[in-house]
Each structure stands twice: as structure tokens, then as C-alpha cells.
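Listed below are the residues making up each chain.
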Amino acid sequence: MLENNYTTEKLTFPVTITSKFQKQAEKFRRQQSHPAKGEQVYRNTLAVLAVDFYCQCMGIETDLTASDSWNPVMQTLTDAADLTIKGFGKLECRPVLSGTNIVEVPVEVMRDRIGYIAVQFSESMQDAELIGFVEEVTTEDIPLEQWKSLEYFLEFISEPEVVKVDLRKWLEGIVDAGWDMVEKIESLLSPSEPQLSFNFRSVATPKYRKVENSAIGAKLLQLEKAGEQMAIFVGATASETEFDILSSADSEPEIDIFVELYAVKPQIYLPQDLQLIVLDDQGKLMLQTVANSSKNIRLEFSGYPGEEFSVKLALGDFSIMQGFQL
């Protein structure tokens, strides 16, 4: 099994409340004349943005502007926290404060919804976790234990298939189309600190250095709508013994993997709040990191032949996802 520090029987999804999320929620709050209403709108907006981010990670198309929660008039008149899912309808995103075991669902949003997702915030409101899904509600107060796993939501929503890169072929010297050798991308990286330029010998940890049974590929990525470009490096390595038996059905040799993002000229730093995420084959979050005035960000993990994972890059409402298999 892919190794990580996040395990739970029930599929949930943690989300970092970025500064961009906060600014949008604060903008909507200021449009309200009554403080209590403003606070309600603030929480609703953050809940919607958290679910929207999750949908982007899962490849589910959304439309924020078509949602009541994005309409200043409807924000004032209702307690709606809806997110429009393209081709399906409105998904209600109910905020839950830290330490609360009850999800409040206003009567006014008990219809015209395809389902409901509960979003629980930390005490600081800096983090959120999508903790459950239900298709219908008949009461205003629903205990958290009655909310189903997010797996039910993923089954309800059809997802586009992600084309996967086969890293075992990389270890055999066959790199997928669109991926280049490191040297072709290295010259495009930010020149501000040459020693940080990606080099297998100097930057990679010993187990990823350019030795036998290791492989690395690189490519340029463009978050087109966000107008941001960056370079991604993905590497895999196995011990000589493991490499010799990769195709054996009688063993499961472990493969170490790293994913790293770098700023590209003329940029010195990666985009603020850029998120690098690794998901397992069930869409469950394994690892996550956020660029904060960073020149590069990196994640490391390991897995076994036959397992699959996806790498997600997200910046605001825009994202890219690439699937991999071992």
C-alpha cells in the first residue's frame, strides 16, 4: 500500500484555507450590513470554496458564478452555501465549527439540491475537512455520525478517467511522450540561485541520484487560465534486487517516488498558494504541501508495483491532475 501518515476508515478530505479563499470570503462579508449575517456569509463562502477545491482535485466541473452563494442578493436573503456542479445541479456545502457534532441545514436549502457535504473548520479557521455526504435531508440538525463517507459522493458523480503514466516503464528506460530528460528542462529554471537548479547529483537525496535502477522525467506545466508556468520533476527508484523482480508475481518490491515543482524563468518563486497534492487510487489525500514564497516544493513517498496514484497541482480555481501507475 502507498505509505503516508493519513489513515482513516471513512473517506474525508482536508483542505488548507488559503489567503485567496480568505480574501474572497472577507469581500462577501463586507457587503453585509449586519455583523451576524456577515459572519454567516463568511463561513458559507469558505465551505463552498473548500468543496470547490475538492471537486477540482477530483476532476469534477463546477460553476461558482451560477451558485446562489455567489450572488450578493441571495447571500443577504438566504443561508445558502451551494456549489453548482455542471451537468448535475446544486450541491449544498454546510459549514461546521470546531467542536460541534451537529450539522445545521436550513429548511430553505432542503430542496433543489443534489446532495449535501459537511465541511468542518478548525478553531483557527485556517483548515477545513470535508467529513461526509448525504443525498437528502429531512431535519435541520444532523449528527456527524449520520453523514456517509465521501466515497458515496464520488460514486454519485461521474468522473473523467485520468490517463496514467507507467513509472515501471521509466525504470526500464522508456519515458512517456511529453516528458523530457532533466537536462532539457534544467536550463529553464530560475537563475537567481544557481545552486538550487535541479540537478540529480546535488538536489536529489541519495536514493534518487542518477544511478542504476533510478529514473526521472521532467516537463513544463501551464495553468493556462491562471497564466502560471512551472516545471515538474518526477523520479522513481528501486534497489537492484527489487528492480530485477519488478515483473514477478511472487513479490511486491517497494519503489520510492518523489514529485518536485520548480519556478521557471523569468519567475523566481512558485505562485503563492500553489498546492501540490498526492492522491491514492481511491481519490484519498495522501500528501499535500503549499508554496509560500518558495522556489520549489517537494513530496516523497513509496509504493508497490500495480498501485496507482495521482499528482494534483491547484492554484485557486484552476488545476492540473496527472495519474501514475507503478
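I will try to describe carefully the structure that is included in this document. Quantities reported herein were computed from a predicted structural model and do not represent experimental measurements.

Here the focus is the environment of isoleucine 277. Of note, isoleucine 277 is situated in strand E13 (residues 275-280). For isoleucine 277, a relative accessible area of 0% gives the class buried. Sequence spacing of isoleucine 277 and leucine 313 is 36 residues, and the spatial spacing of their C-alpha atoms is 6.5 Å. Once residues lying within four places of it in the same chain are set aside, the contact partners of isoleucine 277 are Phe53, Cys57, Leu285, Leu287, Gln288, Ser310, Val311 and Lys312.

Now for the sheet that holds strand E2 (residues 62-63). Strand order in the open sheet formed by six strands is E1-E7-E6-E4-E3-E2, with mixed pairing between adjacent strands. For this open sheet the edge positions go to strand E1 (13-16) and E2, each flanked by a neighbour on one side alone. In the sheet, strand E6 (residues 115-121) pairs with strand E7 (residues 127-134) via six bridges, with the strands oriented antiparallel. Each residue of the ladder has a partner; that of alanine 118, found in E7, is glycine 132. The sheet strands contacting helix H2 (residues 35-57) are E1, E2, strand E3 (82-85), strand E4 (89-96), E6 and E7, and the helix crosses E4 at an angle near 120°.

Side chains of E1 alternate between two faces, with Phe13 and Val15 buried and Pro14 and Thr16 left unburied. Alignment of E1 against E7, held across four bridges, turns out to be antiparallel. In the strand pairing of E7, threonine 16 is matched with aspartate 127.

About the cut-offs
Residues numbered from 1 in each chain as written. Predicted model: local features only at pLDDT ≥ 70, side-chain atom pairs only at ≥ 80, totals over all residues. Heavy atoms only, no water. Helix = DSSP H or I, 4+ residues; strand = E, 2+ residues; numbered from the N terminus. Buried < 20%, exposed > 50% of the residue type's maximum accessible area, 1.4 Å probe, protein only. Contact = heavy atoms within 4.5 Å. Pairing = 2+ DSSP bridges. Axes fitted to C-alpha atoms, helices over the stretch in contact; angles between N-to-C directions.

Keep in mind these values describe shape, not function.
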